[in-house]
Amino acid sequence: MRSVLFDHIAIAVPRLADAEAILAGELGGRSTFGMTTDEFSFWHWRYEGGGDLEVLEPAGADGFLHRFLAQRGSGIHHVTFTVPSLDDACERARAHGYSIVGYDDSDPEWKEAFLHPRQAQGIVVQFAEPNADQPPPKHEEHGGRQPPPPGMAAPIRVLGLRLSARSQERAHTQWGAVIQGVRADGGDGVLVYRWPGSFMYIAIEIDAAREEGPLWIEYSSRRAVSLPDHDPHPVLGAVFRRRPAD
């Protein structure tokens, strides 16, 4: 029986090429797959142990990514969870008071729907029902990007995403009841949600006074990495925080 899996963290930037030099060249990500649509281009980089970062670049004259970048600049855009049944996931969300946006089941290989950040604690949440019998796209689908050459520096490990929520109840409704994460105590009042079979986690800090939304991407590395530890990355817009390596 398939279960919900935490698939990837997505970052929006004006130019994919600028992000590629960092995610592959500096952080050792392995180029996996991507493509271009009328509204955007995307590409994925996989990291040691299974952490996955997607980067989105707007296409065309206008669209949701143009608006996101104009309002917020580069940064974390959404998280994606693959689900056994898109309809079941949407029903769970509706049962807990969420509205579904962007429902699209026209492609049998990738059905999707979204929770809007106004309801989903400051971040877009994507539900995706892939066709489990189909292999993932090849990296040649978008401009022939190739995996990092032999001898490239060891990759970092992308561990998960830390966010802020106003209450434990709100956090558990979304990440536990709706998205079916398994809750653990991360210490210092931090809630951690994991999905068996997924490498990455969601960590939630509870602060009733702080704006809800993503705080930083957590990673570990056995080598020195040129990432600012407290400020947004100048190209990616996201904050990366290093945790001790295993």
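Preceding this paragraph is the structure being described.
Residues numbered from 1 in each chain as written. Predicted model: local features only at pLDDT ≥ 70, side-chain atom pairs only at ≥ 80, totals over all residues. Heavy atoms only, no water.

*Asks:* Please set out the nonpolar core residue by residue, giving values where relevant.
*Replies:* Formed by 54 residues in total, the largest nonpolar core has its most connected members in Phe81, Val125, Phe127, Trp175 and Ile217. At five residues, the largest contribution of residues to this core is made by helix H1 (residues 16-26). Apart from residues no more than four positions distant in its own chain, Val125 is found in contact with Val79, Phe81, Ala113, Phe114, Leu115, Ala120, Gln174, Trp175 and Ile179. Counting residues in hydrophobic clusters, the runner-up holds nine residues, among them Ala12, Phe42, Leu65 and Phe68. (Core = buried A, V, L, I, M, F, W, Y, C linked by side-chain atoms within 4.5 Å. Buried < 20%, exposed > 50% of the residue type's maximum accessible area, 1.4 Å probe, protein only. Helix = DSSP H or I, 4+ residues; strand = E, 2+ residues; numbered from the N terminus. Contact = heavy atoms within 4.5 Å.)

*Asks:* Quick one: what's the story with the environment of Pro58, residue by residue and with numbers?
*Replies:* With respect to the helices and strands, Pro58 occurs in strand S4 (residues 52-58). Residue Pro58 is classed as buried on the basis of its relative accessible area, which comes to 16%. Among residues more than four places away in sequence, those in contact with Pro58 are Val13, Pro14, Glu39, Phe40, Leu65, His66 and Leu69.

*Asks:* Please provide a residue-by-residue account of the side chain of Glu54, values included.
*Replies:* Tracing the backbone shows Glu54 in strand S4. Sequence-distant contacts of Glu54, that is, excluding residues within four places in its chain, are made with His8, Ile9, Ala10, Ile11, Phe42, Trp43, His44 and His78.

*Asks:* Account for the pattern of salt bridges, with residues named and values stated.
*Replies:* Within the structure shown, the criterion is met by 11 salt bridges. For Glu91, the salt bridge identified is with Arg94, shortest N-O distance 3.0 Å. Linking Glu91 with Arg94, this pair stays in helix H3 (residues 86-95), spanning three residues, or about one helical turn. A salt bridge links Glu205 to Arg162; the shortest N-O distance between them is 2.8 Å. One end of the pair, Glu205, is in strand S12 (residues 201-206); the other, Arg162, is in strand S9 (residues 157-165), with 43 residues separating them in the sequence. Accessibility expressed as a relative area gives 18% for Glu205, which makes it buried. (Salt bridge = Lys/Arg side-chain N within 4 Å of Asp/Glu carboxyl O.)

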